[in-house]
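Residue-level listing of the chains:
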Amino acid sequence: MLGVPPTATDDEVKQAYRTLVKKYHPDKYAGSPLQDVASEKMKEINAAYDEITSMRKNGGKSAGASGSYYGEYGGSGGGYAPGSGYASGNSQFSDIRRLIMQNRIAEAEELLDGVAAQQRDAEWYFLKGSVYYKKGWLDEALSHFAQANRMNPNNPEYRAAYQQCMYSRNTGMPFGRANTSGTSYDDCDCCDWCIGMYCLNIFCNCLGGGC
Amino acid sequence: MFGYLKPYRPELKIREAETYKAVYCGLCHELGKNFGPFARLTLSYDFAFLSLVGMSVRQEDEACFGKCRCIAHPVRKQACCLPGKVQAFSAAAAMVLFYYKIRDDLADRGFRKRLRAFLLLPYAKFVRKRALAVCKQASEVDAAASRMTEAQQKLETEGCSSVDRAAEPTAAFLSAVLGTFLPGDETQAVVLRRFGYLLGRYIYLCDALDDLEDDRKTGNYNPFLCAEDSADAAEHAKGSLYLTVAEAGAAYDLLETGQFDGILENIVFLGLKNEVERILKKKGEGGNERSL
């Protein structure tokens, strides 16, 4: 599961485990239709890592229970997924959130479209963005997340969704994944610099909005 | 499809480059064998990619390599991926798509394109029929391609201004095609469908970005020109494409790949992005020459 030979040292095992945690990190798949697949993978990796570490600790006798290093990632995942930790109990859209969680996108969209224009608050935009994101309509998703974030800049859920999309849009890389190659593209440095400034600008804007 | 799904050569290992070439050659042979020498001219990187993904996720169809002769290299025998189920499927998919492309060109405004399409139509009809006879799954590709063409024509006549909606038919098509690879494994099929959706979206948007200047001149439909603020259409396109590339990468990470994973990783995490940069750079230089 971890892709290491039985002869691997403890450090090598740990290294392999960390790489995989990064790959399947729940934050990367928050709100994605593949969230369940990713968290299933994460569980398998945690189990495999636990088994190896406890086996090595007990000199290969038997596998006891021990917490994995990144144990906290094993569960349903944090991040901004609709219905996860941040969801407020008094949400007027809790039914819709549940539908989105279950990947019942068409029904959720129908209910959202039925909401009268004057009742469309930040949460409505966030949920509509989530529906678009799951459908793969990424441009609409980003503009809805941006609108939710503008209407309620203090909400960590909306901000996380917006920042994650902006990160992808600027870098072309999945959130939390480092560039696989060590060398840079044959691209002019000033462009990189521009992008850097752009990111900084967004970052500052968010901070400004948050305070 | 249009040949946007290709590896970023400088980062490809030599053995990976050779394997890639062998798969490409194998596909070319398959096209020639089943559909005649003309079919070889329709070969593109996209179908080589389709073969790579198919062989990588369907781990029971291990690819075999051998040597074969090729018209393009008459003296030395070339390394070549020997025919298999996936290669046959890719070749059949290429032919089905060729037919729909010709049908689409018939409705085009330009006279020369229409004439060319008219002359090629009997051949396209023949190869499509053969593809459906040779490969069982080609009928699924055919149904998806037919849905795609219909939806695309409707969008274009409407002058759809939403980039997402405009990319939907191509995205749905590739989603359906990749979805056929693993009929038994629903979890992985979900990942493949999402991956295919995003790649289809990528191909469509790349093509739209590539044709931006031409469409501006001729007034042909282009989703980026229909958007409200068409002045920085290229910038808009770059953002949409990067977002798509990043999402495709996240989907790829969940795919259980076997052989060729190094090449696929190169294509998904470097090749896709590099291709966007190449198109933008070409525009920046103002010329139409293609970079090597």
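Residues numbered from 1 in each chain as written. Chains lettered and ligands numbered in written order. Predicted model: local features only at pLDDT ≥ 70, side-chain atom pairs only at ≥ 80, totals over all residues. Heavy atoms only, no water.

Caption draft 1: Examining the overall build of chain B more closely. If you tally the helices and strands in chain B, you get 11 helices and two strands. Put simply, chain B runs from its N terminus to its C terminus through helices and strands in the order α-α-β-β-α-α-α-α-α-α-α-α-α. Over its C-alpha atoms chain B spans a radius of gyration of 19 Å, differing by no more than 12% from the 19 Å that the globule rule assigns to 292 residues. Each of the three principal axes of chain B carries a C-alpha extent, and together these read 50 × 45 × 40 Å. The buried share among the 292 residues of chain B stands at 57%. Across chain B, the fraction of contacts at a sequence separation of at least 24, relative to all contacts at a separation of at least 6, is 70%. When the accessible surface of chain B is summed, it comes to about 13,400 Å², and 54% of that surface belongs to carbon and sulfur atoms. (Helix = DSSP H or I, 4+ residues; strand = E, 2+ residues; numbered from the N terminus. Rg over C-alpha atoms; globule rule 2.2 N^0.38 Å. Buried < 20%, exposed > 50% of the residue type's maximum accessible area, 1.4 Å probe, protein only. Contact = heavy atoms within 4.5 Å. Areas by Shrake-Rupley, 256 points an atom, 1.4 Å probe, with all protein chains shown as cover.)

Caption draft 2: Just the pairing of strand E2 (residues 73-81) of chain B, in detail. Residue and element names in this part refer to chain B. In this structure, strand E1 (residues 65-70) lies alongside E2, joined through five bridges in antiparallel fashion. Across the sheet, residue Cys70 finds its bridge partner in E2, namely His73. Taking the residues that link successive antiparallel strands as the turn, the E1-E2 hairpin has two residues. (Pairing = 2+ DSSP bridges.)

Caption draft 3: Highlighting the side chain of Glu275 of chain B. Within the fold, Glu275 of chain B resides in helix H11 (residues 261-285). Beyond its immediate stretch of four places on either side in the chain, Glu275 of chain B contacts Gly3, Tyr4, Lys6 and Tyr202 of chain B.

Caption draft 4: Up close: the interface of chain A and chain B. Taken residue by residue, the interface counts 34 residues in chain A and 38 residues in chain B. The junction of chain A with chain B conceals about 3,100 Å² of combined surface from both sides, 56% of it contributed by carbon and sulfur atoms. Taken together, the connections running from chain A to chain B amount to three salt bridges. Its salt-bridge partner being Asp139 of chain A, residue Arg201 of chain B comes within 2.9 Å of it at the nearest N-O pair. At the surface where chain A touches chain B, the tally comes to 17 residue pairs in polar contact (both at pLDDT 80 or more). For the side of chain A that touches chain B, the elements supplying multiple residues, two or more each, are helix H2 (35-57), helix H5 (122-135), helix H6 (138-151) and helix H7 (156-171) of chain A. (Buried area = accessible area lost by both parts, 1.4 Å probe. Salt bridge = Lys/Arg side-chain N within 4 Å of Asp/Glu carboxyl O. Polar contact = N/O pair within 3.5 Å; in protein donor to acceptor, adjacent residues only side chain to side chain.)

Caption draft 5: Examining a nonpolar patch on the surface more closely. A cluster of nonpolar side chains, Phe111, Leu115, Phe118 and Leu119 of chain B, forms an exposed patch at the surface whose accessible area comes to about 480 Å². With respect to the secondary-structure elements, Leu119 of chain B resides in helix H4 (residues 111-134). (Patch = residues over 30% accessible without salt bridge, like charges linked within 9 Å, V, L, I, M, F, W, Y side chains within 5 Å.)

Caption draft 6: Spatial organisation of the confidence of the model for chain A. Residues and elements named next belong to chain A. Across chain A, the average pLDDT comes to 75, with 68% of residues at 70 or higher. Throughout residues 61-67 the model reports pLDDT below 50, and contacts reaching past four residues in sequence, or to other chains, amount to 10 contacts. pLDDT under 50 marks residues 206-211. Its contacts with residues more than four places away, or in other chains, come to six contacts. (pLDDT = per-residue confidence, 0-100.)

Caption draft 7: How the structure looks around the pattern of salt bridges. According to the stated counting rule, one finds 24 salt bridges over all chains in the structure shown. The salt bridge partner of Glu256 of chain B is Lys41 of chain A, with a shortest N-O separation of 2.7 Å. Of the two residues, Glu256 of chain B is situated in the loop between helix H10 (233-253) and H11 and Lys41 of chain A in helix H2; the pairing between them involves two chains. The partly exposed category is assigned to Glu256 of chain B, whose relative accessible area is 40%. Using a relative accessible area of 8% as the deciding quantity, one classes Lys41 of chain A as buried. Here Lys135 of chain A and Glu109 of chain A are joined by a salt bridge, their closest N and O atoms 3.3 Å apart. You can see Lys135 of chain A sitting in helix H5 and its partner Glu109 of chain A sitting in helix H4 (residues 105-113), a full 26 residues away along the chain. Connected via shared salt-bridge partners are Glu109, Asp113, Lys128 and Lys135 of chain A.

Caption draft 8: Molecular detail of unusual backbone geometry. Positioned with a positive phi, Asn103 of chain A is a non-glycine residue whose angle comes to about 60°. With respect to the helices, strands and loops of the structure, Asn103 of chain A is situated in the loop between helix H3 (94-101) and H4. Asn103 of chain A sits in the partly exposed class, given a relative accessible area of 33%. Backbone geometry places Phe260 of chain B, a non-glycine residue, at a positive phi of 65°. With respect to the helices, strands and loops of the structure, Phe260 of chain B is situated in the loop between H10 and H11.

Caption draft 9: How the structure looks around the packing of aromatic side chains. Counting across every chain of the model gives 15 aromatic pairs over all chains. Aromatic pair Phe38 of chain B and Tyr123 of chain B: ring centres 5.8 Å apart, planes at 70°, arrangement edge-to-face. Of the two residues, Phe38 of chain B is situated in the loop between helix H1 (14-35) and helix H2 (45-57) and Tyr123 of chain B in helix H4; the sequence distance between them amounts to 85 residues. Owing to a relative accessible area of 58%, Phe38 of chain B belongs among the exposed residues under this scheme. Ring-pair connections join several aromatic residues into one group, and the members of that group are Phe49, Phe195, Tyr252 and Phe269 of chain B. The side chain of Arg194 of chain B reaches across the aromatic face of Tyr133 of chain A, ending 5.5 Å from its centre. (Phe/Tyr/Trp six-rings, centres within 6.5 Å; stacked < 30°, edge-to-face > 60°. Lys NZ or Arg CZ within 6 Å of the ring centre and 35° of its normal.)

Caption draft 10: Structural view of the environment of Ser54 of chain A. Residue and element names in this part refer to chain A. Along the chain, Ser54 falls in helix H2. Judged by its relative accessible area of 4%, Ser54 falls in the buried class. Separated by 49 residues in the primary sequence, Ser54 and Pro5 place their C-alpha atoms 17 Å from one another.

Caption draft 11: Broad picture of H2 of chain A. Taking 1.5 Å as the rise per residue, H2 of chain A with 23 residues should run 33 Å; its terminal C-alpha atoms sit 33 Å apart, in good agreement. Within H2 of chain A, the full set of buried residues consists of Gln35, Val37, Ala38, Ser39, Lys41, Met42, Ile45, Asn46, Ala48, Tyr49, Asp50 and Ser54 of chain A. Lining the buried residues of H2 of chain A we find helix H1 (10-23) of chain A together with helix H7 (186-210) of chain B. (Expected span 1.5 Å × (residues − 1).)

Caption draft 12: Spatial organisation of H7 of chain A. For H7 of chain A, which comprises 16 residues, the first-to-last C-alpha distance of 22 Å matches the rise-based estimate of 22 Å (1.5 Å per residue) to within 8%. Of the residues that open H7 of chain A, the one with a side-chain oxygen 2.7 Å from the backbone nitrogen of Glu157 of chain A is Asn155 of chain A.

Caption draft 13: Region of the structure containing the confidence of the model for chain B. All names here are of chain B. Confidence along chain B averages 87 in pLDDT terms, with 95% of residues attaining 70 or more. Segment residues 288-292 is flagged for pLDDT under 50; beyond a separation of four residues in sequence, or across chains, it makes five contacts in the model. Predicted as a complex, the structure gets a pTM of 0.84 and an ipTM equal to 0.87.

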